[in-house]
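# Close look at the chain arrangement
As a plain string of letters, each chain reads:
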Amino acid sequence: MGRPALWTSIRDALAEEIARGHYGPGDRLPTEAQLAGRFGVNRHTVRRALAALAEGGTVHARRGAGVFVQHRATPYPIGRRVRFHQNLAAAGRVPEKRILLLETRAANGAEAEALGLGTEAQVHAYEGLSLSDGLPIALFRSVFPAARVPRMLEALRETGSVTAAFRAHGIDDYTRSRTEITAKIATPTLAAQLRLPSGSAILRTVGVNVDGAGAPVEYGRTWFAADRVALTLGAEDV
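Report on the accompanying structure.

Quick notes on the rules
The residue numbers shown here count from 1 along each chain, following its written sequence. In keeping with the predicted nature of the model, local features appear solely for residues at pLDDT of at least 70, side-chain atom pairs appear and are counted solely at 80 or more, and the whole-chain, interface and lining totals rest on all residues. Think of the side-chain values as coming from all heavy atoms in the structure, minus any hydrogens and water. A fitted line through C-alpha atoms serves as each axis, taken over the contacting stretch for helices, and the angle formed by two N-to-C directions is quoted from 0 to 180°. Labels follow the DSSP assignment, with helices taken as runs of H or I lasting at least four residues and strands as runs of E lasting at least two, numbered in each case from the N terminus. Should an angle fall under 35 degrees it is taken as roughly parallel, and over 145 as roughly antiparallel, whereas 65 to 115 is taken as roughly perpendicular and any remaining angle as oblique. The contact criterion used is simple: two residues touch if any of their non-hydrogen atoms lie within 4.5 Å. In this scheme, a residue with accessible area under 20% of its type's maximum is buried, one over 50% is exposed, and one in between is partly exposed, where area comes from a 1.4 Å probe on protein chains only. A pairing counts as a salt bridge when a side-chain nitrogen of Lys or Arg comes within 4 Å of a carboxyl oxygen of Asp or Glu. Between rings of Phe, Tyr and Trp, where Trp is taken as its six-membered ring, a pair exists when centres lie within 6.5 Å; planes separated by under 30 degrees are stacked, by over 60 edge-to-face, and by other angles tilted. Only lysine NZ and arginine CZ atoms are considered, and such an atom sits over a ring when it is within 6 Å of the ring centre and within 35 degrees of the ring normal. Think of it this way: DSSP has to see at least two bridges between two strands before they count as a pair. Buried Ala, Val, Leu, Ile, Met, Phe, Trp, Tyr and Cys residues form a nonpolar core when they are joined through side-chain atoms within 4.5 Å. A helix is expected to span 1.5 Å multiplied by its residue count minus one. Read the arc as the range of directions from the helix axis to the C-beta atoms. Here a polar contact is taken to be a pair of N or O atoms separated by no more than 3.5 Å, where protein atoms must pair a possible hydrogen donor with a possible acceptor and residues adjacent in sequence count only if both atoms sit in side chains. Handedness of a helix crossing follows the sense of rotation of the near helix relative to the far helix, less than a right angle counterclockwise being left-handed and clockwise being right-handed. Lys, Arg, Asp and Glu make up the charged group, whereas Ala, Val, Leu, Ile, Met, Phe, Trp, Tyr, Cys and Pro make up the nonpolar group; the residues left over, Gly among them, are polar.

### Comments concerning the packing of helix α1 (residues 6-19) against helix α2 (residues 32-39)
Relative orientation of the contacting elements α1 and α2 amounts to 110°, with a least axis distance of 12 Å. Of the possible angle classes, the one that applies to α1 and α2 is roughly perpendicular. Contact residues: α1 offers I10, A13, L14 and E17, while α2 offers L35, R38 and F39.

Following this line, the structure appears as structure tokens:
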């Protein structure tokens, strides 16, 4: 038998390093020139090895940015009950939320309409990052009717949980009444927050949650990194 081609040896070496965690999901690999120097080959050989890794779903190339380790998309059901921590825990991921903003302000037109409020009504606004295994997967912005849940911001600071904050106001259950999903392109600011290249694909969801009596209690918008989640529509609680 002849010796294996050089590109297969490079492919296998990089694959092993990725499997061992030397390069994690979302990490950029060294450039073709750097890899060529490391392995003592030409860039064409490196390019063939990277192409083989891409065909196997291990890496993906971004034009002008480099070659990156592929993410394992996080399963994320969107049904009548959308619970971030439960969704990620069920998928075997480590959930985390980072608070970026908590404030009380006047509702804008879209928020007032979604929550059934008057034009002068106040809302509590909550903005943050959702992470899966330490990787940002979504930016979210939610508003709540301030008169209905007056201590919402305090409860969110203490618990970091919308469910727990609602419970503190006597709302023991809430469900999603509607969800809209739209494909978008990340703005530079959003891309930076999600650690994505500018112009990356994102999925925006807009939803309204209601209490047991059907009254709106939350109007939320979420921007998901498209290659990091697998949204499942119509999922219900078991």
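### Here we look at unusual backbone geometry
The general pattern is negative phi for most residues beyond glycine and trans for most peptide bonds. You will see that R195, though not glycine, has its phi angle at about 60°, which is positive. Looking at R195, the relative accessible area reads 51%, which means it is exposed.

### Re the pattern of salt bridges
Going through the model one piece at a time under the given rule, you end up with 11 salt bridges. Between E32 and R47 there is a salt bridge, with its nearest N and O atoms 3.0 Å apart. Within this pair, whereas E32 is found in helix α2, its partner R47 is found in helix α3 (residues 43-55), the two being separated by 15 residues in sequence. Assessed through its relative accessible area of 41%, R47 is described here as partly exposed. Between R148 and D211 there is a salt bridge, with its nearest N and O atoms 2.8 Å apart. In this pair, R148 is assigned in the loop between β6 (135-145) and α6 (152-159) and D211 in the loop between β8 (201-210) and β9 (216-225), connecting sequence segments 63 residues apart. Looking at R148, the relative accessible area reads 38%, which means it is partly exposed.

### Here we look at the packing of aromatic side chains
Inspection of the entire model under this criterion finds four aromatic pairs. Relative to F166, the ring of F144 has its centre 5.7 Å away and its plane inclined at 80°; by these criteria the two rings are edge-to-face. Of this pair, F144 sits in strand β6 while F166 sits in helix α7 (residues 162-167), and the two are 22 residues apart along the sequence. Residue F144 is classed as buried on the basis of its relative accessible area, which comes to 0%. Residue classification places F166 among the buried residues on the basis of a relative accessible area of 0%. Three or more aromatic residues joined by ring pairs make a cluster, and in this case those are F144, F166 and Y174. Here the basic side chain of K97 rests over the ring of F140, its NZ or CZ set 4.6 Å away from the ring centre.

### Notes on the pairing of strand β2 (residues 66-69)
Where strand β1 (residues 59-62) meets β2, four bridges bridge the pair, whose relative direction is antiparallel. From the neighbouring strand, A61 faces β2, where its bridge partner is V67. Hairpin remark: β1 followed by β2, antiparallel, with three residues in the connecting loop; positive phi at G64, about 80°.

### Quick notes on the nonpolar core
Among soluble globular proteins, nonpolar side chains are generally buried collectively. Counting 17 residues, the largest nonpolar core has L14, I18, L29, V46, L50 and V59 as the members making the most contacts within it. Listed by contribution, the elements that provide at least two residues to this core are α1, α2, α3 and β2. Broken down by element, the residue count for this core peaks at five residues, all from α3. Counting 15 residues, the second largest nonpolar core, distinct from the first, contains Y126, F140, V149 and Y174.

### Re α3
The end-to-end C-alpha distance of α3 is 18 Å, a good match for the 18 Å that 13 residues give at a rise of 1.5 Å each. Among all positions in α3, only T45, V46, A49, L50, A52 and L53 are buried. For α3, the angular spread of buried residues about the axis comes to 155°, placing them on one side. Turned more than 90 degrees from where α3 packs its buried face, H44 and E55 sit exposed. For α3, the capping residue at the N-terminal end is N42, with a side-chain oxygen 3.2 Å from the backbone nitrogen of H44. Looking one or two places after α3, you find G57, whose phi comes out positive at around 80°.

### Let's talk about the packing of α1 against α3
Relative to each other, α1 and α3 sit at 50°, their axes nearing to 8 Å. Classified by the interaxial angle, the pair formed by α1 and α3 is oblique. You can see that α1 and α3 cross each other, and the crossing is right-handed. Between α1 and α3, the contacting residues are L6, W7, I10, R11, L14 and A15 on the first element and T45, R48, A49, L50, A52 and L53 on the second. For the contact of α1 with α3, the class distribution of residues is nine nonpolar, one polar and two charged.

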